[in-house]
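Chain by chain, the residues run as shown.
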Amino acid sequence: MGLTHCMKRPVEILYKRLISPVSHGHASASIAQKGVLFTMLSKRNVAGVPNYSKCISGFGIHSTRNYASQVSSSEQVNLIKQLRERTSAPMKEVKSALVGCNWDIEAAQNELRKRGVALASKKSSRTAAEGFLALAQDEKKAVLVELNCETDFVARNEIFQHLALCLAKSALVVEGSPQASAAIPVSPESLEDLKIKFDHPKLAGEKTVQNAITEVAVMTGENVKLGGGFAISAPSYGVLSTYLHTSPMPGIGRIAGLLSLEVEDKDAPLDAVQRVGSQIAMHLVAAKPLFLSKEDVTSDALGNERDILRSQAEKTGKSQMAIDKMVEGRLRKYFEEVVLLEQKFIVDDSVNITKVLANLSQEVGSTVKIKNFLRVEVGEGAKRLEAASGTEPLSQTA
């Protein structure tokens, strides 16, 4: 009885030691000799001593294996780097996926994709007012697509810009020919289910627009969303000029100016029209016109401005006749600020856009007129789409 009591404690200690991993390089295993000794002791089956031999496997050898510990620190760093390069996912998410998948990089990559939808859903409530406008153009029309994110840092990310360009090029192919008289909106919903074949190292294969956006959201760790877009048609004869401001690469910018210049005589040369068209497109970005002509100014906008100007003039205490003259004079100034044809040309402020077109018409020997124009800035997409749901042309909305 005394022997049983004396042996019980050492056997328990020995058992605990046997099941505790002992470092052998990068693996974890128990020592075989101790396992044999432990088996011999357990076979004595001393009364009152628990039979630990059931825990012994094989020839009295108990081994525990931890796969993660078999991957050296340098290998772990290399796997993290590889998965980061494949997915561009945040470091924390990459490491978590690798650890959870026992450092199997293929399984970890699949795990990141599975997490993507949930992560993107959580981020969708965040404000995404940064991003870029992407432009695609052919001989018939131009399409502008806005892709938004939360920060300027992500907007400068190469994969984000690649996605934006792919969206614009695909929208150019699928969108029907716009009306000749106005730019038309391209809603986000009309593009979400569109399938695109991507060829970027980090975004490859055929995916829907929504799935591609979700993947980029996971890569960047931000809310990424499609802000919609606009399409503008080329004239029957003339040029469709475009200009992108703050452009880190061709086809990408923060502010866009699009202009359709129509030439009456189909035999007239277009070189000069293209030159002036590019200048006016740049003018659109700088001058921010809201309307094409004075006749296009809405009655609401005109009435509101007139009321403000009259209220200001009445504070001078002058006669009603003088107040009326003041209001009309200030309205002319208002037209010069918001009406494209009345604005001073940014290239030569001694003339307005109406005079620029008159000079151009004389140069090419045919009447040249602005058929349509569009100015869009990052962050305006939703507002412009809402305005487009009304009856006003897009080129005449604030």
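Summarised in this report is the structure supplied together with it. (Residues numbered from 1 in each chain as written. Predicted model: local features only at pLDDT ≥ 70, side-chain atom pairs only at ≥ 80, totals over all residues. Heavy atoms only, no water.)

Quick word on a nonpolar patch on the surface
Then comes step 1: Among the surface-exposed residues, Met282, Ile346 and Val347 lie close enough to one another that they form a single nonpolar patch of about 250 Å² accessible area.
Then comes step 2: Note on placement: Met282 falls in helix 11 (residues 271-287). (Patch = residues over 30% accessible without salt bridge, like charges linked within 9 Å, V, L, I, M, F, W, Y side chains within 5 Å. Areas by Shrake-Rupley, 256 points an atom, 1.4 Å probe, with all protein chains shown as cover. Salt bridge = Lys/Arg side-chain N within 4 Å of Asp/Glu carboxyl O. Helix = DSSP H or I, 4+ residues; strand = E, 2+ residues; numbered from the N terminus.)

Things to note about the packing of helix 11 against helix 14 (residues 353-364)
Then comes step 1: One way to put it is that helix 11 packs onto helix 14 with a least axis distance of 10 Å and a crossing angle of 170 degrees. Compared by their axis directions, helix 11 and helix 14 come out roughly antiparallel. Note on element contacts: helix 14 touches helix 11 through Ile353, Val356, Leu357, Leu360, Glu363 and Val364, opposite Ala272, Val273, Arg275, Val276, Ile280 and His283.
Then comes step 2: Of the residues that constitute the contact of helix 11 with helix 14, the class distribution is 9 nonpolar, 1 polar and 2 charged. (Axes fitted to C-alpha atoms, helices over the stretch in contact; angles between N-to-C directions. Parallel < 35°, antiparallel > 145°, perpendicular 65-115°, else oblique. Contact = heavy atoms within 4.5 Å. Nonpolar A, V, L, I, M, F, W, Y, C, P; charged D, E, K, R; others polar.)

What about the side chain of Ser241?
Then comes step 1: Tracing the backbone shows Ser241 in strand 9 (residues 238-245).
Then comes step 2: Each residue touching Ser241, except ones within four places of it in the same chain, is listed here: Gly257, Leu258, Leu259, Gln274, Gly277, Ser278 and Ala281.

A word on the side chain of Lys141
Then comes step 1: Locating Lys141 in the fold gives a position in strand 4 (residues 141-149).
Then comes step 2: In this structure, Lys141 is buried with no salt-bridge partner, the nearest side chain bearing the opposite charge being Asp138 at 4.3 Å. (Buried < 20%, exposed > 50% of the residue type's maximum accessible area, 1.4 Å probe, protein only. Lys, Arg positive; Asp, Glu negative; His and termini not counted.)

A word on the nonpolar core
Where a protein is soluble and globular, its nonpolar side chains tend to be buried together.
Then comes step 1: Leu147, Leu163, Leu167, Leu203 and Val224 are the most contacted members of the largest nonpolar core, which has 36 residues in total.
Then comes step 2: At the level of secondary structure, the elements contributing two or more residues to this core comprise strand 3 (130-137), strand 4, helix 7 (152-155), helix 8 (158-174), strand 5 (184-186), strand 6 (195-200), helix 10 (209-220) and strand 8 (225-233).
Then comes step 3: Dropping the residues within four chain positions of it, Leu163 is found in contact with Leu147, Phe198, Leu203, Ala212, Ile213 and Val216.
Then comes step 4: Core analysis: the second largest hydrophobic core is formed by 25 residues, Leu261, Val263, Ile280 and Leu284 among them. (Core = buried A, V, L, I, M, F, W, Y, C linked by side-chain atoms within 4.5 Å.)

Description of the layout of surface pockets
Then comes step 1: By volume, the largest pocket amounts to about 420 Å³.
Then comes step 2: Residue lining of the largest pocket: 21 residues in total, with Arg113, Leu203, Lys207, Glu215 and Met219 positioned closest to the centre.
Then comes step 3: Mapped by element, the contributors of at least two residues to the lining of the largest pocket are helix 4 (73-87), helix 6 (105-123), strand 7 (203-208) and helix 10.
Then comes step 4: Residue classes in the lining of the largest pocket are distributed as 8 nonpolar, 6 polar and 7 charged. (1 Å grid on protein atoms, 1.4 Å probe; cavity = no way out; pocket = protein on both sides within 12 Å on 5 of 7 lines; lining within 4 Å. Points joined across faces, edges and corners; volume = space filled by probe spheres on them.)

Description of the packing of helix 12 (residues 299-314) against helix 13 (residues 320-338)
Then comes step 1: Two elements in contact, helix 12 and helix 13, have axes whose closest approach is 9 Å; the angle formed by their N-to-C orientations is 135 degrees. One way to sum up the angle between helix 12 and helix 13 is to call them oblique. Where helix 12 crosses over helix 13, the handedness of that crossing is right-handed. Residue-level inspection shows Ala301, Leu302, Glu305, Arg306, Leu309, Arg310, Gln312, Ala313 and Glu314 of helix 12 in contact with helix 13, the latter providing Gln320, Ile323, Asp324, Met326, Val327, Glu328, Arg330, Leu331, Tyr334 and Phe335.
Then comes step 2: Residues belonging to the contact of helix 12 with helix 13 are distributed by class as follows: 10 nonpolar, 2 polar and 7 charged. (Left-handed = near helix turned anticlockwise from the far one by under 90°.)

Side note on empty space enclosed by the protein
Then comes step 1: A complete count under the given rule lists 2 cavities of 30 Å³ or more for this structure.
Then comes step 2: Roughly 30 Å³ of volume is contained in the second largest cavity.
Then comes step 3: At the level of elements, strand 4 and strand 8 are the ones that each hand at least two residues to the lining of the second largest cavity.
Then comes step 4: When grouped by side-chain class, the residues that make up the lining of the second largest cavity number 5 nonpolar, 4 polar and 1 charged.

Some remarks on the sheet that holds strand 3
Then comes step 1: Strand order across the open sheet formed by 5 strands is 5-8-4-3-10, with antiparallel pairing between neighbours. Each edge of the open sheet carries a strand with a single partner, namely strand 5 and strand 10 (252-253).
Then comes step 2: With 8 bridges connecting them, strand 3 and strand 4 associate as antiparallel partners. From the neighbouring strand, Phe132 faces strand 4, where its bridge partner is Leu147.
Then comes step 3: Relative to the sheet, helix 8 contacts strand 3, strand 4, strand 8 and strand 10, its axis offset from that of strand 4 by approximately 145 degrees. (Pairing = 2+ DSSP bridges.)

Observations concerning the sheet that holds strand 9
Then comes step 1: Reading across from one edge, 9-11-12 is the order of the 3 strands in this open sheet, with antiparallel pairing throughout. Taken across any chain shown, the strands that pair with only one partner, and hence form the sheet edges, are strand 9 and strand 12 (368-377). Each strand axis lies, on average, 10 degrees off the axis of its neighbour in the sheet, ignoring direction.
Then comes step 2: Along the sheet, helix 11 contacts strand 9, strand 11 (255-263) and strand 12; its crossing angle with strand 11, the most-contacted strand, is approximately 145 degrees.
Then comes step 3: With respect to the sheet, helix 14 is in contact with strand 11 and strand 12, its orientation differing from that of strand 12 by roughly 135 degrees.

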